[in-house]
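# Chain and residue survey
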Amino acid sequence: LACLDAAPRLPYEYFRQLFAQVTNPPIDPIRERLVMSLQCPVGPEGNLLEVSASQTQRLTLESPVLTVAELEAIRGMSRQHSGWTTHTIDVTFPVSEGAGGYERTLDRACAEAQQAISEGARVLVVSDRGVGAGRVAASALLAVGAVHHALVGERLRARVALLVETAEARETHHVCVLVGHGADAVCPYLAYAALAKLHSSGVLADKSVEQLIAQYRHALDDGLLKVMSKMGISTLQSYKGAQCFEALGIASDVVERCFTGTASRIEGTTLTGFAADALARHAAAYGAESGAPAIESAADVKEESANSTLGDDGEYAWRRGGSKHVNTPVTVSRLQDAVRTENKRAWDAYVDASQASVRACTLRGQLELALDDGAAVPIDEVEPWTAI
């Protein structure tokens, strides 16, 4: 769990997708593909109670995952359709501002969105493209959530399309969390750049960059459909902004501000904590170039973070010094030794190592049995197993 990890983690990892509590998936995303759709109209909405020509003035997207070219085409729509003006909201801030700049960036993004709408903007693009050695990006998720709920509170959300241009999103879950918290579409430009880099370096030279991007988008689309099907949702319009998530380890003031209405039963990381994580990742990427102030957080940027090459933090598979996992080489080797040799000492070592892993990785591992000093139940009062 992100809330139990000492290393910097993305805000997306603090969310768990909710699913319909049934034994079988409500919808089969493969066999029932015909009743599912990722197509979604975006832009100003008219009055649902009346039918008029104004209701047709919307932009239909075939998928919530946009390419860079598609995003730029939307940005340039005003050249062909004068009413479709686009405003880009930069969610980066100077590294010198430290953690305080993070919260001020969210405030500025909300105010800028409302001002842009008052000036006639129909499309808002929340972007972290401005990141660099001297500028750090606030999380696109927190920025989108804050802007979305600020506009909902002012009854302005239905007047614009809210797009996201971010380097953070790279997995299906990231896109799901963004769309589920109000984004109309996402452009994961850094993932596309990574595919282009792998192609140019010869790792993925058997396909063109366009084919690689098409396959990547197809994988994200299929992942979205699978997640939606487990909630019994067949169209993206029903999933978008529904907040079908539970937050684990996010402070209540952050939830109230950026994810209003999302279920959250456990307190945790504050905006200051998220800011510290953002600064830590920025320092790991840019090193001494960034000029970042000293960071005092649970993460404290590991020594190897200062290297010019970003290492594998063990998010997907166990790595020494990386993210913690319940199953580790130590627990597996001790279990194998105990089973193969019937070694009681190896079994006890496995139990101890397994319990330590569970304590480090799960919420249930944080619980302790409250054993009172009451009298024990006489064994003759215990129902025998043969009677159960």
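Residues numbered from 1 in each chain as written. Predicted model: local features only at pLDDT ≥ 70, side-chain atom pairs only at ≥ 80, totals over all residues. Heavy atoms only, no water.

## Quick word on the environment of Val330
Defined as follows: Strands are runs of DSSP state E lasting at least 2 residues, helices are runs of H or I lasting at least 4, and numbering of each runs from the N terminus.
By secondary structure assignment, the location of Val330 is in helix α10 (residues 329–341). Sequence-wise, Val330 and Ser354 are 24 residues apart; in three dimensions their C-alpha atoms are separated by 8.9 Å.

## Things to note about the sheet that holds strand β11 (residues 263–269)
We count it as follows: In short, DSSP must find at least two bridges between two strands for them to pair. Here an axis means a line fitted to C-alpha atoms, over the contact stretch when the element is a helix, while the angle between two N-to-C directions is reported on a 0 to 180 degree scale.
On the basis of which strands lie adjacent, the open sheet formed by three strands has the order β1-β10-β11 and mixed pairing. Looking along the sheet, the strands with just one partner apiece sit at the ends: β1 (15–17) and β11. Averaged over neighbouring strand pairs, the angle between their axes works out to 25 degrees when direction is ignored. Relative to β11, strand β10 (residues 245–250) runs parallel, the two sharing four bridges. Pairing of Leu248 across the sheet is with Ile266, part of β11.

## Focus on the side chain of Thr92
Rules: Three exposure classes are used, based on accessible area relative to the maximum for each residue type with a 1.4 Å probe and protein chains only: buried under 20%, partly exposed in between, and exposed over 50%. Contacts described as polar in this section are N or O atom pairs within 3.5 Å, which, within protein, must combine one atom able to donate a hydrogen with one able to accept it, while residues neighboring in sequence count only if both atoms come from side chains. Note on contacts: a residue pair qualifies if any of its non-hydrogen atoms lie within 4.5 Å across the two residues.
With respect to the helices and strands, the residue Thr92 is situated in strand β5 (residues 92–94). Overall, Thr92 belongs to the buried group, its relative accessible area being 0%. Within polar-contact distance, the side chain of Thr92 engages the side chain of Asp90 at 2.9 Å. In contact with Thr92, not counting residues within four places along its chain, are Thr105, Arg108, Asp128, Gly130, Val131, Arg135, Val136 and Ala137.

## Thoughts on the pattern of salt bridges
Inclusion rule: A pairing counts as a salt bridge when a side-chain nitrogen of Lys or Arg comes within 4 Å of a carboxyl oxygen of Asp or Glu.
Taken as a whole, this structure holds 18 salt bridges when the rule is applied. A salt bridge links Asp222 to Arg33; its shortest N-O distance comes to 3.4 Å. Taken together, the residues Asp222 in helix α6 (residues 209–230) and Arg33 in the loop between β1 and β2 (40–42) connect sequence positions 189 residues apart. Judged by its relative accessible area of 38%, Arg33 falls in the partly exposed class.

## Description of the sheet that holds strand β4 (residues 86–90)
Read across the sheet, four strands follow the order β4-β6-β8-β9 without closing on themselves; strand pairing throughout is parallel. Two strands close off the open sheet at either side, each with one partner strand: β4 and β9 (185–187). Across the sheet, the mean angle from the axis of one strand to that of its neighbour is 25 degrees, orientation sign disregarded. Alignment of strand β6 (residues 123–127) against strand β8 (residues 161–165), held across five bridges, turns out to be parallel. In the strand pairing of β8, Val126 is matched with Val164. Along the sheet, helix α2 (residues 98–118) makes contact with β4 and β6, crossing β4 at roughly 170 degrees.

## Side note on the layout of surface pockets
What counts, and what does not: Only protein atoms enter the calculation, which uses a 1 Å grid: trapped sets of points that fit a 1.4 Å probe without letting it out are cavities, open sets showing protein on both sides within 12 Å along at least five of seven lines are pockets, and any residue with an atom within 4 Å of a point is a lining residue. Grid points are joined across faces, edges and corners, and a volume is the space filled by probe spheres set on the points.
Of the voids in this model, the second largest pocket is the one considered here, and its volume is about 400 Å³. Residue assignment for the lining of the second largest pocket shows that the elements contributing at least two residues are β1, α4 (172–180) and α11 (344–361). No other element matches β1, which puts three residues into the lining of the second largest pocket.

## Focus on the nonpolar core
Keep this limit in mind: Only buried residues count toward a nonpolar core, which is a set of Ala, Val, Leu, Ile, Met, Phe, Trp, Tyr and Cys residues joined through side-chain atoms within 4.5 Å.
Counting 90 residues, the largest nonpolar core has Phe15, Tyr102, Leu124 and Leu142 as its most contacted members. Ranked by the residues each element gives to this core, the list is headed by helix α3 (residues 140–153), at nine residues. Not counting chain neighbours up to four residues away, the residues in contact with Tyr102 comprise Phe93, Ala137, Ala138, Ser139, Leu142, Leu271, Phe274, Ala275 and Ala278.

## Focus: a nonpolar patch on the surface
For clarity, the cut-off: Here the term patch refers to residues with relative accessible area over 30% and no salt bridge, with like charges joined within 9 Å and nonpolar side chains (Val, Leu, Ile, Met, Phe, Trp, Tyr) within 5 Å. Accessible surface is estimated by sampling points in the Shrake-Rupley manner with a 1.4 Å probe; for residues, cover comes only from the protein chains shown.
A cluster of nonpolar side chains, namely Leu335, Val339 and Trp347, defines an oily patch on the protein surface of about 270 Å² accessible area. Note on placement: Val339 falls in helix α10. The class for Val339 is exposed, based on a relative accessible area of 57%.

## Here's the deal with the packing of aromatic side chains
Applicable threshold: In this scheme Phe, Tyr and Trp rings, the latter by its six-membered ring, pair at centre separations within 6.5 Å, and the angle between planes marks the pair as stacked below 30 degrees, edge-to-face above 60, and tilted otherwise.
Inspection of the entire model under this criterion finds six aromatic pairs. Arranged with centres 4.9 Å apart and planes meeting at 75 degrees, the rings of Phe15 and Phe259 form a pair that is edge-to-face. Pair noted here: Phe15 is in strand β1 and Phe259 is in the loop between α8 (252–258) and β11, with a separation of 244 residues, a long-range link. For the pair Phe15 and Phe259, a shared accessibility class is recorded, and that class is buried.

## Some thoughts on the environment of Tyr14
Among the structural elements, Tyr14 can be located in the segment before β1. When its relative accessible area of 4% is taken as the criterion, Tyr14 is described as buried. Each C-alpha atom, one on Tyr14 and one on Leu1, is 7.3 Å from the other, the two residues being 13 residues apart in sequence. When neighbours within four sequence positions are excluded, Tyr14 is seen to be in contact with Ala2, Cys3, Arg9, Glu246, Ala247, Leu248, Gly249, Ile250, Thr269, Phe274 and Asp277.

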